[in-house]
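Summary of structural features
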Protein chains: 2
Amino acid sequence: MSITAITSAAEAQEWRELCQWADEHYRCRTFPKDVRIPTRPGLVYLVQEGVVRLVSQTPERREVFVGFITSGYPFELSTQERFDLKACTHAERTAVMWFYWQDLEQWPRFHQKVQEDFRYQLQRKLLWLGNLGQRRAIDRLKGFLTLLIEEHGEAYEDGLVLPWVLTHAQIGDAIGATRVTVTRLLGNLRSRGFVQVLEQNQLWMPNAVKIKRPPSAAYTTA
Amino acid sequence: MSITAITSAAEAQEWRELCQWADEHYRCRTFPKDVRIPTRPGLVYLVQEGVVRLVSQTPERREVFVGFITSGYPFELSTQERFDLKACTHAERTAVMWFYWQDLEQWPRFHQKVQEDFRYQLQRKLLWLGNLGQRRAIDRLKGFLTLLIEEHGEAYEDGLVLPWVLTHAQIGDAIGATRVTVTRLLGNLRSRGFVQVLEQNQLWMPNAVKIKRPPSAAYTTA
């Protein structure tokens with residue numbers, strides 16, 4: 001699967017400069033799937049390739065999925081005492097680069113873009129929180145899948161397909177339900193045609209519509 | 001109760017200029033308690049006085065509390081189809097002013113501060129999401145109260161007190177539980193000394209510790 005999201009040649013040029021700068025300054029690294037990316041507060045990370053899964057670790061050491069960060073988009077993690085935020089790779093080959101904020105100021109257009117994207121991410125997370133306030137697990141599951149797929153889905157027939165797989169346990173942890181409940185409710189949603197499961201366990205939501213998002217400056221090939 | 005949070009005389013001066021500019025351009029308004037503040041996507045709002053309650057409306061028209069915005073801090077709301085974000089006043093006299101992003105560029109220091117605060121808000125919301133992934137309502141309630149009080153609490157004896165009241169129904173909607181469950185669990189937490197209820201229904205958490213936050217540029221008196 002591939003997405004191409006280039007807003008302008010100038011932005012693509014800035015992105016290439018950024019990647020080159022990171023390479024020259026040893027500020028990038030490629031990881032295999034499902035490893036924790038070492039992060040430091042005060043640094044901003046950009047995904048070059050692959051996809052990052054953000055998780056929040058609860059006091060009883062469960063990892064709650066709180067979102068994906070895809071190629072060209074930023075994340076940052078300020079450590080906290082009670083709940084620890086972590087970034088894990090979610091694709092076989094995931095590359096990230098990192099910057100201090102003052103480094104990014106060399107590319108004012110991109111610096112602005114990163115700030116805008118964090119504002120966008122905040123708006124999305126407010127919606128996620130609204131979704132999780134719903135009492136019935138089936139409603140939280142429907143909302144969760146919709147929010148995720150309308151943001152990250154790729155066109156497939158008359159709907160959108162999520163290009164990565166989350167386990168039922170991961171979905172359960174994200175919506176405050178057990179793995180068993182998620183399996184049962186997904187069966188229910190499949191029989192109602194709300195969602196379908198493709199050959200590699202990918203979720204396809206017929207009729208889902210992609211939301212508008214500030215475009216990534218990166219070429220994305222996965 | 002009152003907070004004074006001024007990082008420097010220069011910032012306080014910028015804040016006064018901002019308030020004056022908003023006043024001269026009819027970009028500010030004062031509201032009574034519990035009304036919806038009319039908002040438009042693309043505008044950034046700053047709370048001058050009082051406190052704003054952000055809520056996310058679910059498809060079945062329930063209002064899920066997703067956070068407070070206090071004096072000197074920003075919020076923005078981009079309308080969405082499925083979940084509608086709204087801002088409501090939560091104090092008797094709540095004043096907000098609003099700006100286009102390009103307006104704010106007249107005050108570069110403040111413009112930067114607003115961006116930083118949105119990044120801070122995103123980090124907090126990721127923690128909220130982690131909290132809501134917990135399966136037991138008692139754990140979600142404890143996490144919710146901790147996150148809220150360590151952010152907004154004011155010093156009281158050896159702990160922090162939340163200066164505003166949320167109803168048990170509002171707390172329930174925020175953590176995916178019923179009002180009845182919240183009442184019962186709060187009783188449980190009170191008997192264990194985790195939280196106490198003061199005369200005007202304010203929640204006091206002994207031993208809670210205030211978290212560091214980018215300071216507001218505003219004088220806050222409430």
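Whatever comes next refers back to the structure up there.
Each value, and the rule that gives it
- Residues numbered from 1 in each chain as written.
- Chains lettered and ligands numbered in written order.
- Predicted model: local features only at pLDDT ≥ 70, side-chain atom pairs only at ≥ 80, totals over all residues.
- Heavy atoms only, no water.
- Core = buried A, V, L, I, M, F, W, Y, C linked by side-chain atoms within 4.5 Å.
- Buried < 20%, exposed > 50% of the residue type's maximum accessible area, 1.4 Å probe, protein only.
- Contact = heavy atoms within 4.5 Å.
- Pairing = 2+ DSSP bridges.
- Helix = DSSP H or I, 4+ residues; strand = E, 2+ residues; numbered from the N terminus.
- Axes fitted to C-alpha atoms, helices over the stretch in contact; angles between N-to-C directions.
- Least-squares fit on C-alpha atoms with pLDDT ≥ 70 in both.
- Buried area = accessible area lost by both parts, 1.4 Å probe.
- Salt bridge = Lys/Arg side-chain N within 4 Å of Asp/Glu carboxyl O.
- Polar contact = N/O pair within 3.5 Å; in protein donor to acceptor, adjacent residues only side chain to side chain.
- Nonpolar A, V, L, I, M, F, W, Y, C, P; charged D, E, K, R; others polar.
- Phe/Tyr/Trp six-rings, centres within 6.5 Å; stacked < 30°, edge-to-face > 60°.

**Thoughts on the nonpolar core**
If you look at the biggest cluster of nonpolar residues, it comprises 134 residues, and the most contacted ones within it are A:Phe75, A:Phe99, A:Phe144, B:Phe75, B:Phe99 and B:Phe144. Not counting residues up to four positions away in its chain, the partners in contact with A:Phe99 are A:Leu18, A:Trp21, A:Ala22, A:Arg27, A:Gly42, A:Leu43, A:Val44, A:Leu46, A:Leu104 and A:Trp107.

**Comments concerning the sheet that holds strand β10 (residues 159–161) of chain A**
Residue and element names in this part refer to chain A. Pairing is antiparallel in the open sheet, where 4 strands are placed in the order β9-β10-β12-β11. The sheet is open, and its two edges are formed by β9 (154–156) and β11 (196–197), each paired on a single side. Here helix α4 (residues 137–152) sits on the sheet in contact with β9, β10 and β12 (203–206), set at roughly 90 degrees to β12.

**Points about the relation of the copies chain B and chain A**
For these two chains of identical sequence, chain B goes onto chain A by a turn of 180 degrees and a shift of 0.0 Å along the axis, with RMSD 0.0 Å. Classification of the inter-copy transformation places it as that of a two-fold axis. Residue B:Leu122, judged by its C-alpha, is the member of chain B lying nearest the rotation axis, at 2.4 Å. In this assembly, 100% of the residues forming the interface of chain B have copies in chain A that are likewise at the interface, indicating an isologous arrangement.

**Re the interface of chain B and chain A**
The interface is formed by 45 residues belonging to chain B together with 45 residues belonging to chain A. Interface area, chain B with chain A, both sides summed: about 4200 Å², of which 61% is carbon and sulfur. On the chain B side of the interface with chain A, the three residues burying the most area are B:Arg119, B:Leu129 and B:Arg135, jointly 17% of the side's total. Where chain B packs against chain A, one counts 4 salt bridges. Between B:Arg119 and A:Glu76 there is a salt bridge; the shortest N-O distance is 2.8 Å. Applying the counting rule to chain B against chain A returns 12 residue pairs in polar contact (both at pLDDT 80 or more). Every element with two or more residues in the side of chain B that touches chain A is listed here: β5 (51–57), β6 (63–70), α3 (108–132), α4 (137–152) and α5 (168–175) of chain B. When residues of the side of chain B that touches chain A are assigned to their parent elements, the largest contribution, 16 residues, is made by α3(B). Classifying every residue of the side of chain B that touches chain A gives 18 nonpolar, 16 polar and 11 charged.

**Digging into the sheet that holds β5(B)**
Residues and elements named next belong to chain B. Judged by pairing direction, the sheet is antiparallel, and its 4 strands sit side by side in the order β3-β8-β5-β6 without closing on themselves. This sheet does not close on itself; its edge strands, each paired only once, are β3 (36–37) and β6. Direction of pairing for β5 relative to β6: antiparallel, over a ladder of 7 bridges. Directly across from Val55, in β6, lies its bridge partner Phe65.

**Notes on the side chain of B:Gln121**
Along the chain, B:Gln121 turns up in helix α3. In terms of polar contacts, B:Gln121 uses its side chain to reach the backbone carbonyl oxygen of B:Pro74, at 2.9 Å. Excluding its chain neighbours within four sequence positions, the residues that come into contact with B:Gln121 are A:Leu122, B:Ile69, B:Pro74 and B:Arg213.

**Description of the pairing of strand β5 (residues 63–70) of chain A**
Burial within β5(A) is extensive, with 7 of its 8 residues counted as buried. The hairpin formed by strand β4 (residues 51–57) of chain A and β5(A) contains 5 residues between the paired strands, and A:Arg61 there has a positive phi angle of roughly 70 degrees.

**A few points about the pattern of salt bridges**
Enumeration over the complete set of coordinates arrives at 26 salt bridges over all chains. Within this structure, A:Lys33, A:Asp34 and A:Arg53 form a network of salt bridges that share partners.

**So, the packing of aromatic side chains**
Residue and element names in this part refer to chain A. Tallied over the entire structure, the rule returns 26 aromatic pairs over all chains. With a centroid separation of 6.3 Å and an interplanar angle of 45 degrees, the aromatic rings of Tyr45 and Trp98 are classed as tilted. In this pair, Tyr45 sits in strand β3 (residues 43–49) while Trp98 sits in strand β8 (residues 94–100), placing the two residues 53 residues apart along the sequence. Among the residues examined, Tyr45 registers a relative accessible area of 2% and is labelled buried. When the centroid spacing of 5.5 Å and the interplanar angle of 75 degrees are considered together, the rings of Trp128 and Phe144 count as edge-to-face. Placement of Trp128 in helix α3 (residues 108–132) and of Phe144 in helix α4 is noted, with a sequence separation of 16 residues between them.

**Section: unusual backbone geometry**
Residues and elements named next belong to chain B. The phi dihedral of Asp34 falls on the positive side, at around 60 degrees, and the residue is not glycine. Inspection of the secondary structure puts Asp34 in the loop between β2 (28–31) and β3. A positive phi angle is found at Asn207, which is not glycine, with a value near 75 degrees. Turning to its location among the elements, Asn207 is positioned in the loop between β13 (203–206) and β14 (219–221).

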